[in-house]
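Secondary and tertiary structure notes
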Amino acid sequence: TIKTGLGEIQSLALSPNGEHVAGASPGRIEIYRVADGAREGSVPAKGPFPALAFAPDGSGLLIGDAEGVRRVGAAGGAPSWIRPLEPESPVSTLALSPDGARVAIANYYGSLVIADPVTGATEMEIKRVGPIVLDVAFAKDSRTLSVGTGMGDSHVYLLRLPPRK
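Throughout this description, residue numbers start from 1 for each chain and increase along the sequence as written. Where totals are concerned, whole chains, interfaces and linings use all residues; where local detail is concerned, this predicted model gives features only for residues with pLDDT of at least 70, and gives and counts side-chain atom pairs only at 80 or more. Hydrogen atoms and water are omitted, and side-chain values are computed over all heavy atoms in the structure.

**Structural notes on the overall build of the protein chain**
Our working definition: Where helices and strands are cited, they refer to DSSP runs of H or I of at least four residues and of E of at least two residues respectively, numbered from the N terminus. Values of the radius of gyration come from C-alpha atoms, whereas the globule rule sets the reference at 2.2 Å times the count of residues to the power 0.38. Two residues form a contact once any of their heavy atoms are found within 4.5 Å. Here the accessible surface of atoms and residues is derived via Shrake-Rupley with a 1.4 Å probe, and residues count as covered only by protein chains that are part of the display. The charge count treats Lys and Arg as positive and Asp and Glu as negative. His and the chain ends do not count. Where a charge sits is defined by one atom per residue type, namely NZ (Lys), CZ (Arg), CG (Asp) or CD (Glu).
When you go through the protein chain residue by residue, the secondary structure sums to zero helices and 15 strands. For a compact globule of 165 residues, the expected C-alpha radius of gyration is about 15 Å, and the protein chain comes in at 15 Å, within 12% of that figure. Sequence separation of at least 24 residues holds for 36% of the intrachain contacts in the protein chain that already meet a minimum separation of 6. When the accessible surface of the protein chain is totalled, it reaches about 8,100 Å², and 56% of it is carbon and sulfur. Side chains of the protein chain carry 16 positive and 17 negative charges; the gap between the two charge centres is 3 Å.

**A look at unusual backbone geometry**
With the exception of glycine, the majority of residues adopt a negative phi angle, and the majority of peptide bonds are in the trans configuration. Even without being glycine, R128 reaches a positive phi, approximately 55 degrees. The residue S142 is not glycine, and still its phi comes out positive at about 65 degrees. Counting through the fold element by element, S142 comes out in the loop between β13 (133-138) and β14 (144-149).

**Some thoughts on the pattern of salt bridges**
Spelled out, the test is: One side-chain nitrogen of Lys or Arg within 4 Å of one carboxyl oxygen of Asp or Glu is enough to make a salt bridge.
Across all of its chains, the model carries 10 salt bridges by this definition. For E30, the salt bridge is made with R39, and the minimal N-O distance between the two is 3.2 Å. Shared partners join several salt bridges into a network, and the residues in it are R102, D116, E123 and R164.

**Observations regarding the side chain of S11**
In plain terms, the rule: A 3.5 Å cut-off defines polar contacts: any pair of N or O atoms within that distance qualifies, except that in protein one atom must be a possible hydrogen donor and the other a possible acceptor, and neighbouring residues in sequence count only when both atoms are side-chain atoms.
Tracing the chain through its elements places S11 in strand β1 (residues 11-14). Polar contacts involving the side chain of S11 include one to the main-chain carbonyl oxygen of P50, which spans 2.2 Å. Apart from the residues within four sequence positions on either side, S11 is in contact with A22, G23, A24, F49, P50, A51 and L52.

Right, dumping it as structure tokens:
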């Protein structure tokens with residue numbers, strides 16, 4: 001059990017190697033060492049429900065919030081921006097592919113972007129997948145992406161992404 005200083009945990013991510021866990025609450029994200037529960041870092045977050053995803057090798061954490069997507073080291077530290085977003089377009093969810101080559105980023109206005117997780121360069125963009133994209137998840141092959149939309153009439157879409165160049 002890890003006792004956090006977070007009041008309400010809204011997002012949670014566990015590093016694939018099981019060494020770190022990150023929790024998000026309104027206004028901040030905290031990163032803890034699983035072995036002893038020690039807090040290793042804290043990063044400010046903007047807006048509701050920040051999205052979290054660890055890199056497949058556990059080396060870093062992607063954070064999506066009202067300002068865009070940024071990366072921090074597994075133990076925290078200064079964030080580096082990989083994809084600032086246009087105003088009024090907060091991230092609702094994000095997911096890293098198992099091979100670490102792609103990040104799927106969705107927003108509260110129903111748009112979906114597939115991008116390079118290091119540079120933020122756009123590989124593909126789909127406007128208005130639905131009224132809001134609530135969750136995304138990659139399959140083990142890193143090319144199949146499930147996209148869940150909601151707000152009344154909910155749908156799950158399966159997208160088959162082309163091979164990376």
